[in-house]
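Observations on the three-dimensional arrangement
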Amino acid sequence: MSYAKIHLKTGKEESLNRYHPWVFSGAIHHAEGQPEEGEIVEVYDSRKNFIALGHCQIGSIAVRVLSFENQPIDEQFWIRRFEQAYQIRKNLQLIGAPHNNTCRLVYGEGDWLPGLVVDLYGNTAVMQAHTVGMHLIRHDLAKALKQVLGDLVENVYYKSEDTLPYKADLDAENEYLTGGQNVSPIAIENGLQFQIDWMKGQKTGFFVDQRDNRSLLERYAHGRKVLNMFCYTGGFSCYAMRGNAEIVHSVDSSAKAIALTNANIALNFPDDKRHQAFAEDAFRYLEQSGNDYDLIILDPPAFAKHRDVLNNALQGYRKLNALAFEKIRSGGILFTFSCSQVVSKQNFRLSVFSAAMQSKRKIRILHQLNQPADHPINIYHPEGEYLKGLVLYVE
Ligand code: SAH
C-alpha cells in the first residue's frame, strides 16, 4: 500500500531518529499531494530516506508517528499493537483477575498508539480518540480490540465528543461501537467495587491512574481522620475506609461527584457511619472546617492545561498546599498531587516547597508518587509523564 509522502527540511529528522513520535509543522519542507487530516502519511528526510509512518493532522504537531518501520498499517498492525498493550496489563493481573477488572489498556504514545486511549471497566472498553486519524478508523479499532480481548470485552463505547480537535468539526457522537446490551457498570479495583458512569462521567468515567497511590494511602489510614479533597468517585475514600480510618470525609464541588462517592461507599461499606460527603468548594471547606484531620488528600483537576497558564497553576498548587499545611494536625500525612502535564515534577515540588516555607512547619517527604504501569511512559516521549505526587509528614 502506498501513502502520501511528507518531506522534511534538512536536519529536521534528528528528533525522529531518536524515536520522538511527533513531526512539527515547522519541520516540513513539502508534501507530495495534499494529504488530508487523519490520513496516513510516509515521512522522509531531505535525502529521501524513509523515517516513519503516521497520522497526519492540522496544527503544530503535523504527524503523530505510528511506526518507524516501513510496514502496512492494516488490521494486523492494530491487532499487534493491542496485543502488546494487553500483555503488559495481563502480567500485572489488571485484566480478567478476580480482584481487578479495570485498567488503562491503551495509553497513547506510551503504547505506540498516539491519539488513542482505552480504559477497561469489566466487560466494557471505553475508547477515546484525540486525533482525526484514530477517529476515522474507530470501527476498525473496535474490531481489532475485540479480536484481541475476545470474550473479556462485550462492549466498546466510543467517547470522543470532547477530545477530538475542535476545529476538525467532526460532530463525533458518543456511542457504542460494539454491544451495549449487556453492560455492567461496576469496576473492581484491588477488590473494591466502583460504579462507573462512562456516559455522563468525567473523562472515561473513572481515574484508574490513582490505583497504586490509593493502595499506599490504605496503609496509612489506620485510626486517622481522613479528608479526601476533590474526591470525584470517592476512590481514595473507599481505600481509607478499608484501611480502618476513624472517619473519612469526602469533598467535591460537584453534587454529581458527591452522589457517586456516596454510592460507592454504600456499595463497599453499607451502613458504615464513618463516612460523610460534602458538596463544597475545596478551598472554602479547608478554610472553614479543615482543622480536624490528620490525613489529607489533595487531588485537584489539572490547574494548567496549557503552558501559558503555567504560572497561575503553580500559584494554585502553592495556595492549596499552604492551606493544607496550615490546617493539618501535628503528625499528619498529606497526599498531594498534580495531574497537569505541563507542570514538571520539579515545578510541582517547588510549589509545595513554597507552601511549606509559608507554613513554617517541619515537613518531610515520605514518598514520591507517579502514574502506574498501565500508563507507561514511552522513554522517547517524556511528555507522556503527567501524574506526580508527594506524601508528606507534617510535624
Ligand atoms: N481524586 C479523584 C479524581 C479527582 S478529579 C479520584 O481519585 O478519582 C477532580 C475533581 O475535582 C472533580 O470531581 C471536580 O468536580 C472537582 N473539583 C474541581 N474544582 C473543585 C473545587 N474548587 N473544589 C472542590 N472540588 C473541585
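Residues numbered from 1 in each chain as written. Predicted model: local features only at pLDDT ≥ 70, side-chain atom pairs only at ≥ 80, totals over all residues. Heavy atoms only, no water.

A closer look at the packing of helix α8 (residues 282-289) against helix α9 (residues 310-327)
Where α8 contacts α9, the two axes come as close as 9 Å, and the packing angle between them is 20 degrees. Judged by the inter-axis angle, α8 sits roughly parallel to α9. As for how α8 packs across α9, the hand of that crossing is left-handed. Two secondary-structure elements touch here, α8 through F283, L286 and E287 and α9 through G316, K319, L320, L323, A324 and K327. Looking at the contact of α8 with α9 residue by residue, the class counts come to five nonpolar, one polar and three charged. (Axes fitted to C-alpha atoms, helices over the stretch in contact; angles between N-to-C directions. Helix = DSSP H or I, 4+ residues; strand = E, 2+ residues; numbered from the N terminus. Parallel < 35°, antiparallel > 145°, perpendicular 65-115°, else oblique. Left-handed = near helix turned anticlockwise from the far one by under 90°. Contact = heavy atoms within 4.5 Å. Nonpolar A, V, L, I, M, F, W, Y, C, P; charged D, E, K, R; others polar.)

Looking at the site of the ligand
Close contacts around the ligand come from 16 residues, with Q202, D252, D281, A282 and D299 the closest. Within the side chain of D252, a nitrogen or oxygen atom sits 2.6 Å from an oxygen atom of the ligand. Look at the ligand: alone it shows 590 Å² of surface, and the protein chains cover 88% of it. Looking at side-chain class alone, the shell around the ligand contains seven nonpolar, four polar and five charged residues. (Near = heavy atom within 4 Å. Polar contact = N/O pair within 3.5 Å; in protein donor to acceptor, adjacent residues only side chain to side chain. Areas by Shrake-Rupley, 256 points an atom, 1.4 Å probe, with all protein chains shown as cover.)

Quick notes on helix α6 (residues 235-242)
Burial runs high along α6: seven of the eight residues are buried. Burial in α6 covers these residues: G235, F236, S237, C238, Y239, A240 and M241. Of the residues trailing α6, N244 is marked for its positive phi of about 65 degrees. (Buried < 20%, exposed > 50% of the residue type's maximum accessible area, 1.4 Å probe, protein only.)

Some words on the pairing of strand β13 (residues 192-195)
Remark: a regular strand shows side chains that alternate across the two faces of the sheet. Only one face of β13 is buried, namely the one carrying L192 and F194, since none of Q193 and Q195 on the opposite face is buried. In this antiparallel pair of consecutive strands, strand β12 (residues 186-189) and β13, the connection spans two residues, and N190 shows a positive phi of 45 degrees. (Pairing = 2+ DSSP bridges.)

Notes on the domain arrangement of the protein chain
Per the domain assignment, the segments making up the protein chain are domain 1 (4-67), domain 2 (75-190) and domain 3 (207-394). A straight line from the C-alpha centre of domain 1 to that of domain 3 covers 40 Å. (Domains from an automatic or database assignment.)

Topic: the layout of surface pockets
The space that makes up the second largest pocket amounts to roughly 230 Å³. Lining the second largest pocket are E37, Q57, I58, G59, H130, T131, P165, Y166, K167 and A168. Residue composition of the lining of the second largest pocket, grouped by class: four nonpolar, four polar and two charged. Split by domain, the lining of the second largest pocket shows at least three residues from each of two domains, domain 1 (4-67) and domain 2 (75-190). (1 Å grid on protein atoms, 1.4 Å probe; cavity = no way out; pocket = protein on both sides within 12 Å on 5 of 7 lines; lining within 4 Å. Points joined across faces, edges and corners; volume = space filled by probe spheres on them.)

A closer look at the nonpolar core
Across soluble globular proteins, you tend to see nonpolar side chains buried next to one another. Core analysis: the biggest nonpolar cluster contains 37 residues, and W78, F82, L105, L116 and M134 have the highest contact counts within it. Of all the secondary structure elements, the ones that give two or more residues to this core are α2 (75-91), β7 (102-107), β8 (116-121), β9 (124-129), α4 (138-149) and β10 (155-158). (Core = buried A, V, L, I, M, F, W, Y, C linked by side-chain atoms within 4.5 Å.)

A closer look at the pattern of salt bridges
Evaluation of the coordinates by the stated rule reveals 15 salt bridges. R214 is the partner of E189 in a salt bridge, and the nearest nitrogen-oxygen pair spans 3.0 Å. Placement of E189 in strand β12 and of R214 in helix α5 (residues 211-220) is noted, with a sequence separation of 25 residues between them. The salt bridge involving K225 is made with E246; its shortest N-O contact spans 3.9 Å. With K225 in strand β14 (residues 225-229) and E246 in the loop between α6 and β15 (247-252), this pair connects stretches of sequence that are 21 residues apart. Three or more residues are tied together by salt bridges with common partners; here these are R211, D212 and D374. (Salt bridge = Lys/Arg side-chain N within 4 Å of Asp/Glu carboxyl O.)

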